[in-house]
Amino acid sequence: MERIDKQTIVDSVPQKGFFGQPKGLFTLFFTEFWERFSYYGMRAILVFYMYYEVSEGGLGLDRNVALSIMSVYGALVYMSGVIGGWLADRIFGTSRAVFYGGVFIMLGHIVLSIPGSVVFLFISMALIVIGTGLLKPNVSSIVGDMYSETDRRRDAGFSIFYMGINLGAFISPLIVGQVQKDYGFHWGFALAAIGMFVGLVVFVLTRKTNLGLAGSYVPNPLTPDEKKKTIKIVSIVTIGIAVLLAILIPLGWFTINTFISLVGVFGIAIPTIYFIIMYRSPKTTEVERSRIIAYIPLFIASVMFWAIQEQGATILASYADTRTDLEFFGFTLSPAWFQSLNPLFIILLAPVFAWLWVRLGDREPSIPTKFAFGILFAGISFLVILLPAYFSGPDALVSPLWLVLSYFIVVLGELSLSPVGLSATTKLAPAAFSAQTMSLWFLSNAAAQGINAQLVKFYTPENEMLYFGVIGGVAIILSLILFALAPKIKVYMRGIH
C-alpha cells in the first residue's frame, strides 16, 4: 500500500463541526464514551458477580481468588494494547482495529449476560481483553491523525476526548450498579453490551463522513514474506501453547493460581526486556541512553502508583461491599457506585491541575518531583482507609465518607502522575522507539496489576490495617526517595524539563 502523507490525511478530515474541533472528534468522543461506559459498567459489578454466592446470582468463587482474577484481567487488558497497536500498524489500520475491537468487546459482554458457569466468565474475559487491546490504543491514534503537527487545537482536542472517557466511566457504574441491584447481574452485563453496541453504531454511521482518511491506512504494512513468516510463527506458538495446556491441565500442573503467577512474572519481565533492548540498541544515542536511565525510576514509581490506584476496583470495591455502611442519609447505596468517584474527581480536578501548573510558571515542579507527589498521595490514600479499623475495629461497618476521601486523595496523585507520565514518555523516548516507549508506559499499569494479583491474596478484614499500612507506607517511603533523587534524575534527563 502506498504511504499517505500526514497533510493529505489532515486535509481529508472536515476541520470544523465539534466545539471548533475536527468533525471526526464527535465520532471518536462518542465511540470512546460508550466503550468506557461498557467497560467500567461491567467492571463495577464483575468482582461481586465472581464472589457472590450462587443463591445471590453470583458464581460463588473464593473472594481472594476473585480479587486476583480481577487484577490479572486488568493486567492482560493493558498488555493486549501492545498487540493491538502492532496489528493496526502492520495489518488492519487503526480504524478497522477500532471496529473489530468494539465487536469483540460487545460479544464479551453478551457472553457475560447469559447465565452460565466460570467457563462463560473466562470466554467473556478473553473476548474483552482482545477487544480492548484493539480499540483502546488505536482510537487515541486516530485522534492524533486528525491534526497537523502545528495545529494548536490538538491539546484541547485530546482534553475533550479525555472528558468523553471519564464521562463514560463516571455514568456507567451508577446506571449498571442500579440495574444489577434491581434486576440482577446479567441484566447489568447486558446493559454494558448495549452501550458498546451504541458506540459501534455511532462509529460505523459517522466515520466515513467525519474521519476522512484518518485511521484508514496501514502505516507500516507487512511485506508478503513478512506475512508468511508471521503466520508461521503465530501458528507454531498457538499450537505449542494448546498442546502444552492439553498436557498440563489434566495433570493439575496448570491451574488458575499458576496462570495468575505467570501473568505477574510477564508483567515484570516484558518491561525489563523492553528497557534492555532500547538501552543496548545501536539506534539509541548516548543522550537517549541517559534519558532511558532517567525513565527507569519514573517507571518504578508509576508501577507503585497504579498498584494502589487499581485496587480501587478490587480491594476497595470489596471494602465498599462488605465493610461500608450502605445506608446513608435515607438512601441505600450500591457498592458499584463508588467506582464512579475516580472519574468524577478527575473531571472536577483536571482543569484545576492544568491551571495550577501554568500558574506556577518557573516554580512548576520537575517531572520526577510530580511523580514523587503522585505516589505520596497514593500512599496517604491507603493510610486513610486503615483509620476506620483503628477507631472502630475490623467488624464495624464504616461511613462511606472514608472511601470517598480515599478515592479523592488517590486522584490527587493520579493527576500529578498520569498526564505528566504520558508527556514525559514522549519527551524521554528514543527516536527509534517512540511508539514502543508509549506501550512501555502502559505496561507500568500491567506490571502493577500483575503484582496486585499476588498482593490481594493477603487481604482479610482482620489484617486490613497491616495490609493498607504496609503498602501505603512503602509508597510514602518510595516517594521520599524519589524527592531526594529528583535533582539527579533531572541531570540524566539531559535538558528535558
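Going by an unreviewed UniProt entry, the chain carries the name Peptide MFS transporter and comes from Exiguobacterium profundum.

(A) View of the overall build of the chain. When its secondary structure is counted, the chain shows 16 helices and 2 strands. Over its C-alpha atoms the chain spans a radius of gyration of 23 Å, differing by no more than 12% from the 23 Å that the globule rule assigns to 497 residues. Projected onto its principal axes, the C-alpha coordinates of the chain cover approximately 65 × 50 × 50 Å. Considering only contacts in the chain between residues 6 or more positions apart, those separated by 24 or more positions represent 83%. For the chain, the exposed area adds up to about 22,500 Å²; of that, 70% sits on carbon and sulfur atoms.

(B) Structural detail: unusual backbone geometry. With phi around 50 degrees, Phe329 is a residue other than glycine that occupies positive phi space. Along the chain, the position of Phe329 falls in the loop between β1 (327-328) and β2 (331-332). Overall, the relative accessible area of 71% leaves Phe329 in the exposed class. A positive phi angle is found at Arg494, which is not glycine, with a value near 50 degrees. Topologically, Arg494 is positioned in the segment after α16 (464-492).

(C) Representation of the packing of aromatic side chains within the structure. Under the criterion given, the structure shown has 30 aromatic pairs. Seen in terms of ring centroids, Phe29 and Phe30 are 4.9 Å apart; in terms of plane orientation they differ by 75 degrees. Their pairing is edge-to-face. What makes Phe29 buried here is its relative accessible area of 9%. An angle of 80 degrees between the planes, with centres 5.1 Å apart, marks the rings of Phe92 and Tyr100 as edge-to-face. Residue class for Phe92 comes out partly exposed when judged on its relative accessible area of 21%. One aromatic cluster is present, built from ring pairs that chain together Phe26, Phe29, Phe30, Phe33, Trp34 and Phe37. A cation over an aromatic ring shows up here: Arg63 above the ring of Tyr51, its NZ or CZ 4.2 Å from the ring centre. A cation over a ring is seen here: Arg207 above Phe99, with NZ or CZ 5.6 Å from the ring centre.

(D) The arrangement of helix α5 (residues 118-145) in detail. Helix length check: α5, at 28 residues, gives a terminal C-alpha distance of 41 Å against a target of 40 Å (1.5 Å per residue), a fit within 8%. When the local axis directions of α5 are compared, the greatest deviation, roughly 25 degrees, occurs at Thr132.

(E) Seen up close, the confidence of the model for the chain. Looking at the chain as a whole, the pLDDT averages 89, with 97% of positions reaching at least 70. Highest mean pLDDT in the chain belongs to α16 (96); lowest belongs to helix α1 (residues 6-12) (72).

(F) Region of the structure containing the packing of helix α2 (residues 24-51) against helix α11 (residues 315-322). Where α2 meets α11, the closest approach of the two axes is 10 Å, and the angle between their N-to-C directions is 70 degrees. Classified by the angle between their axes, α2 and α11 sit roughly perpendicular to one another. By crossing handedness, the relation of α2 to α11 is classed as right-handed. Where α2 approaches α11, its residues Val47, Phe48 and Tyr51 are matched on the opposing element by Ala317, Ser318, Asp321 and Thr322. For the contact of α2 with α11, the residue count by class is 4 nonpolar, 2 polar and 1 charged.

(G) Local environment of the nonpolar core. Of all hydrophobic cores here, the largest spans 100 residues; its most connected members are Met42, Leu46, Met50, Tyr73, Phe371 and Phe468. Here this core gets 12 residues from one element, more than from any other, and that element is helix α10 (residues 286-309). Not counting residues within four places of it along the chain, the set of residues in contact with Phe371 comprises Leu298, Ala301, Ser302, Ser416, Leu417, Val420, Gly421, Trp441 and Leu482. Residues Leu25, Ile142, Tyr147 and Tyr217 belong to the second largest nonpolar core, which totals 22 residues.

(H) Highlighting the side chain of Arg323. The topology assignment puts Arg323 in the loop between α11 and β1. On the basis of relative accessible area, Arg323 is assigned to the buried category, the value being 3%. Looking at Arg323, its side chain comes within polar contact range of the side chain of Glu464, at 2.9 Å.

(I) Structural context of the environment of Gly157. Relative to the helices and strands, Gly157 resides in helix α6 (residues 154-183). Sequence-distant contacts of Gly157, that is, excluding residues within four places in its chain, are made with Gln21, Leu25 and Tyr147.

(J) Looking closely at the pattern of salt bridges. Counting across every chain of the model gives 7 salt bridges. Of the charged contacts, one joins Glu32 and Lys136 as a salt bridge, the two residues approaching to 2.7 Å between their closest N and O atoms. You can see Glu32 sitting in helix α2 and its partner Lys136 sitting in helix α5, a full 104 residues away along the chain. The exposure class assigned to Glu32 is buried, which follows from its relative accessible area of 0%. Between Glu226 and Arg90 there is a salt bridge; the shortest N-O distance is 2.8 Å. Within this pair, whereas Glu226 is found in helix α8 (residues 224-251), its partner Arg90 is found in helix α3 (residues 63-92), the two being separated by 136 residues in sequence. With a relative accessible area of 33%, Glu226 lands in the partly exposed category. Accessibility expressed as a relative area gives 15% for Arg90, which makes it buried.

What counts and what doesn't
Residues numbered from 1 in each chain as written. Predicted model: local features only at pLDDT ≥ 70, side-chain atom pairs only at ≥ 80, totals over all residues. Heavy atoms only, no water. Helix = DSSP H or I, 4+ residues; strand = E, 2+ residues; numbered from the N terminus. Rg over C-alpha atoms; globule rule 2.2 N^0.38 Å. Contact = heavy atoms within 4.5 Å. Areas by Shrake-Rupley, 256 points an atom, 1.4 Å probe, with all protein chains shown as cover. Buried < 20%, exposed > 50% of the residue type's maximum accessible area, 1.4 Å probe, protein only. Phe/Tyr/Trp six-rings, centres within 6.5 Å; stacked < 30°, edge-to-face > 60°. Lys NZ or Arg CZ within 6 Å of the ring centre and 35° of its normal. Expected span 1.5 Å × (residues − 1). Bend = angle between axes of the 7 residues up to and from the residue. pLDDT = per-residue confidence, 0-100. Axes fitted to C-alpha atoms, helices over the stretch in contact; angles between N-to-C directions. Parallel < 35°, antiparallel > 145°, perpendicular 65-115°, else oblique. Left-handed = near helix turned anticlockwise from the far one by under 90°. Nonpolar A, V, L, I, M, F, W, Y, C, P; charged D, E, K, R; others polar. Core = buried A, V, L, I, M, F, W, Y, C linked by side-chain atoms within 4.5 Å. Polar contact = N/O pair within 3.5 Å; in protein donor to acceptor, adjacent residues only side chain to side chain. Salt bridge = Lys/Arg side-chain N within 4 Å of Asp/Glu carboxyl O.

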